[in-house]
Amino acid sequence: MLGRRMFLSLPTLTVLVPLISLTGLFYSASVEENFPQGCTNTASLCFYSLLLPVTIPVYVFFHLWTWMGIKLFRHN
């Protein structure tokens, strides 16, 4: 059970998410005719390949911010 959980660890996701996002972005750039303008459609792969690199750091920031709030402002 421990080996299965280690597959989705933070260092693994830190490497996999940008690689998957870049792969989707390069695929969208080579396949779609209107590449920069077509990224606004939520049905396209390009939209999500641009959304992932923006969403993950924001999630990590707020997750750490919440953790720091719990650690620093804990009342006994």
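Since the structure is predicted, the reported quantities are computational estimates derived from the model, not experimental observations.

**A few points about the overall build of the protein**
Phase 1 of the analysis: On a plain count of helices and strands, the protein comes out with three helices and zero strands.
Phase 2 of the analysis: Helices (α) and strands (β) of the protein occur, in sequence order from the N terminus, as α-α-α.
Phase 3 of the analysis: Within the protein, the proportion of its 76 residues that are buried is 14%.
Phase 4 of the analysis: Total accessible area on the protein stands at roughly 6700 Å², and carbon and sulfur atoms take up 74% of it.

**With respect to helix 3 (residues 45-72)**
Phase 1 of the analysis: Its 28 residues place the ends of helix 3 41 Å apart at the C-alpha level, agreeing with the 40 Å of an ideal helix rising 1.5 Å per residue.
Phase 2 of the analysis: Leucine 52 marks where helix 3 bends most, by close to 30°; the proline proline 53 follows one to four residues later.

**Quick look at a nonpolar patch on the surface**
Phase 1 of the analysis: Where nonpolar side chains cluster on the molecular surface, the patch consists of Leu52, Ile56, Tyr59, Val60, Leu64, Trp67, Met68, Leu72 and Phe73 and spans about 900 Å² of accessible area.
Phase 2 of the analysis: As for its placement among the helices and strands, leucine 72 is situated in helix 3.
Phase 3 of the analysis: Since its relative accessible area comes to 57%, leucine 72 is described here as exposed.

**Description of the packing of aromatic side chains**
Phase 1 of the analysis: Throughout the structure, instances matching the rule amount to two aromatic pairs.
Phase 2 of the analysis: Judged by centre distance (5.1 Å) and plane angle (75°), the ring pair of phenylalanine 61 and phenylalanine 62 falls under edge-to-face.
Phase 3 of the analysis: Given a relative accessible area of 47%, phenylalanine 61 falls into the partly exposed group.
Phase 4 of the analysis: Taking the relative accessible area as the measure of exposure, phenylalanine 62 reaches 46% and is therefore partly exposed.
Phase 5 of the analysis: For the ring pair phenylalanine 61 and tryptophan 65, a centre distance of 5.9 Å and an interplane angle of 25° mean the geometry is stacked. With phenylalanine 61 and tryptophan 65 both in helix 3 and four residues apart, this pair spans about one turn of that helix.
Phase 6 of the analysis: In textbook terms, an aromatic cluster arises when at least three aromatic residues are bridged by ring pairs, as seen for Phe61, Phe62 and Trp65.

Cut-offs and rules
Residues numbered from 1 in each chain as written. Predicted model: local features only at pLDDT ≥ 70, side-chain atom pairs only at ≥ 80, totals over all residues. Heavy atoms only, no water. Helix = DSSP H or I, 4+ residues; strand = E, 2+ residues; numbered from the N terminus. Buried < 20%, exposed > 50% of the residue type's maximum accessible area, 1.4 Å probe, protein only. Areas by Shrake-Rupley, 256 points an atom, 1.4 Å probe, with all protein chains shown as cover. Expected span 1.5 Å × (residues − 1). Bend = angle between axes of the 7 residues up to and from the residue. Patch = residues over 30% accessible without salt bridge, like charges linked within 9 Å, V, L, I, M, F, W, Y side chains within 5 Å. Salt bridge = Lys/Arg side-chain N within 4 Å of Asp/Glu carboxyl O. Phe/Tyr/Trp six-rings, centres within 6.5 Å; stacked < 30°, edge-to-face > 60°.

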